[in-house]
Amino acid sequence: MTSRQEELAALALLCDTNGVVRQVLYDGLDAGQISSGRSFESALDFESREKGRAFLEVVREKGAAFDWELNLAVGERVRSIRFSGNATADGIFIAGSATRSGVIKTYEQFIHVVDIPPGDSAAKGQPGVAPSQLFDGDTDLYNELARLNNELVTAQREVIKRNIELERLNEVKNQFIGVAAHDLRNPLQVIEGYSQILLDKHFGELTPEQHKFISVIRKNSDFMLNLITDLLYISKIEAGKLQLELKETDLIALLERNVELNRLMAGQKQINILFTRREELPALVIDAPKIEQVLNNLISNGIKFSHPGTTVEVRASKGEKEVVVSVRDEGQGIPADEIDRLFIPFENLSVKSTAGEQSTGLGLAIVKRIVEGHGGRIRVQSERGAGSNFSFSLPFIEPV
């Protein structure tokens, strides 16, 4: 190695087409973590890795990439290094330095050991073209590219900072909702309980007007209590505190029980509710109360958004590696442009309940998280005026 090479604070690498280092030609940056067999991307600071992948992609597609600023992890420090790359006959040559002139010098010293494929374009790294020409042929262009790269790195850092701050604020929000909802639930339970006692005539007969007013109090306190319960639940889920108590469960018995519990509500709207199974289903290892919550939400939604004289059908079938449960109604259906918003908390859709039933706007968001927590998926098929079919899968899990 010449004294000129020894003084150069630069890096020269030979990589395969995927960016995995085959040979470290020169390491004047003391980037000891860069070694044969490791990827170029892994040596970059986390913030620069996506941009590093884009750098390699440009080299593969265009044959060369010049003056990309990336953050290189050197020991416990992070250094901003300018990188340029050239496609070789069977891989990628990468040169890096803290300065643009340093990259050019690195090219000039090591390009002769690189097998550059023949071509008729300087951008393809044609032999006989000085590296300095590749950079200086259009100085304004490269300066502009360098400026844009630097702005991109700055923007990426800002996005990461904002994401961290948003995560912190979201955690504070969840804590606040949890505390507020918990403190509100107790007095609402008292209101609900006393209003029910009055409706049950424990303190004597009520006049029609009294019965009407207390019924309104009972109905709205019940709705608010359900809303607060859902808020507590969704805040726990978003805080990563969804805890599943998995036990071997007879899914058929669970489905039949839940259908029967919803039959009364369906009957009040003259809606028929059916349960159909195509074959015997295996016992599943699930959190039964939470899956009942999923079923109850989907069935009650089917009833809520359907007209009298229609049918809500619950089906269960066995797939190759999962059990699929579906709830199909003959209701109003959902517009195609609103389906993607179904599982977003508090989203307001154009479809309204058929008897003025209230909705917290959180039920389907909770359903999705519970199903995904079990390793399953939820799907929706719907057509305006032709009803909806919500289905979810539960994978087979061997009993512990």
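Predicted, not measured: the structure shown is a model, and the values here were computed from it.

Novice: Looking at this structure, how should I read the environment of E248?
Specialist: Within the secondary structure, E248 is located in strand β6 (residues 247–249). Residue classification places E248 among the exposed residues on the basis of a relative accessible area of 53%. Linking E248 and V285, residues 37 residues apart in sequence, is a C-alpha distance of 4.2 Å.

Novice: I keep staring at the pattern of salt bridges and nothing clicks. Help me out?
Specialist: It is possible for side chains bearing opposite charge to pair when their charged atoms get close. As enumerated under the stated definition, the model contains 13 salt bridges in all. Note that E41 and R53 form a salt bridge whose closest N and O atoms lie 2.5 Å from each other. Pair noted here: E41 is in the loop between β2 (21–27) and α2 (49–62) and R53 is in helix α2, with a separation of 12 residues, a long-range link. Taking the relative accessible area as the measure of exposure, R53 reaches 42% and is therefore partly exposed. Between R257 and E292 there is a salt bridge, with the nearest N and O atoms lying 3.1 Å from each other. Residue R257 is found in helix α7 (residues 251–268), and its partner E292 is found in helix α8 (residues 288–304); the two are separated by 35 residues along the sequence. Judged by relative accessible area, R257 falls into the partly exposed class, the value being 40%. The structure contains a network of salt bridges with shared partners spanning E313, R315 and R328.

Novice: Sorry, what's going on with the environment of L295 here?
Specialist: Inspection of the secondary structure assignment puts L295 in helix α8. Dropping the residues within four chain positions of it, L295 is found in contact with L254, L255, N258, V325 and F392.

Novice: Looking at this structure, how should I read the packing of aromatic side chains?
Specialist: Any pair of aromatic rings gets described here by the distance separating the centres and the angle formed by the planes. One pass over the full model with this rule turns up 4 aromatic pairs. Between Y26 and F110 the ring centres are 5.7 Å apart and the planes differ by 25 degrees, which places this aromatic pair in the stacked class. Of this pair, Y26 sits in strand β2 while F110 sits in helix α3 (residues 100–110), and the two are 84 residues apart along the sequence. Judged by relative accessible area, Y26 falls into the buried class, the value being 6%. Relative to F83, the ring of F40 has its centre 5.2 Å away and its plane inclined at 80 degrees; by these criteria the two rings are edge-to-face. Taken as a pair, F40 in the loop between β2 and α2 and F83 in strand β4 (residues 77–87) lie far apart in primary sequence, 43 residues in all. Grouping residues by exposure puts F40 and F83 together as buried.

Novice: Just checking my understanding: could you explain the packing of α8 against helix α9 (residues 363–373) for this structure?
Specialist: Packed helices, taken two at a time, are described by the angle between their axes plus the distance between the axes. As a packed pair, α8 and α9 sit with axes 9 Å apart at the nearest point and diverge in direction by 140 degrees. Along this stretch, α8 crosses α9, giving a crossing that reads as left-handed. Contacts from K290, I291, Q293, V294, N297, L298 and N301 of α8 reach α9 at G363, L364, I366, V367, I370 and V371. Classifying every residue of the contact of α8 with α9 by side-chain character gives 8 nonpolar, 4 polar and 1 charged.

Novice: In this structure, what is going on with a nonpolar patch on the surface? I would like to understand it.
Specialist: On the surface, V190, Y194, I197, L198 and F203 cluster together to form a nonpolar patch covering roughly 520 Å² of accessible area. Tracing the backbone shows F203 in the loop between α5 (139–199) and α6 (208–238).

Novice: What's the story with the sheet that holds β2 in this structure? I'm lost.
Specialist: By way of backbone hydrogen bonds, the strands of a sheet pair with one another, either parallel or antiparallel. Strand order in the open sheet made by the 5 strands is β2-β1-β5-β4-β3, with antiparallel pairing throughout. The strands lining the two open edges of the sheet, one partner per strand, are β2 and β3 (64–74). Across the sheet, the axes of successive neighbouring strands diverge by a mean angle of 25 degrees, strand direction being ignored. Across 5 bridges, the pairing between strand β1 (residues 10–15) and β2 is antiparallel. Residue pairing in the sheet places L13 in a bridge with V24 of β2. Against the sheet, α2 makes contact with β3, β4 and β5 (92–97), and its axis sits at roughly 155 degrees relative to β3, the strand it touches most. Each of β1, β2, β3, β4 and β5 touches α3; the most contacted strand, β5, lies at about 140 degrees to it.

The rules we used
- Residues numbered from 1 in each chain as written.
- Predicted model: local features only at pLDDT ≥ 70, side-chain atom pairs only at ≥ 80, totals over all residues.
- Heavy atoms only, no water.
- Helix = DSSP H or I, 4+ residues; strand = E, 2+ residues; numbered from the N terminus.
- Buried < 20%, exposed > 50% of the residue type's maximum accessible area, 1.4 Å probe, protein only.
- Salt bridge = Lys/Arg side-chain N within 4 Å of Asp/Glu carboxyl O.
- Contact = heavy atoms within 4.5 Å.
- Phe/Tyr/Trp six-rings, centres within 6.5 Å; stacked < 30°, edge-to-face > 60°.
- Axes fitted to C-alpha atoms, helices over the stretch in contact; angles between N-to-C directions.
- Left-handed = near helix turned anticlockwise from the far one by under 90°.
- Nonpolar A, V, L, I, M, F, W, Y, C, P; charged D, E, K, R; others polar.
- Patch = residues over 30% accessible without salt bridge, like charges linked within 9 Å, V, L, I, M, F, W, Y side chains within 5 Å.
- Areas by Shrake-Rupley, 256 points an atom, 1.4 Å probe, with all protein chains shown as cover.
- Pairing = 2+ DSSP bridges.

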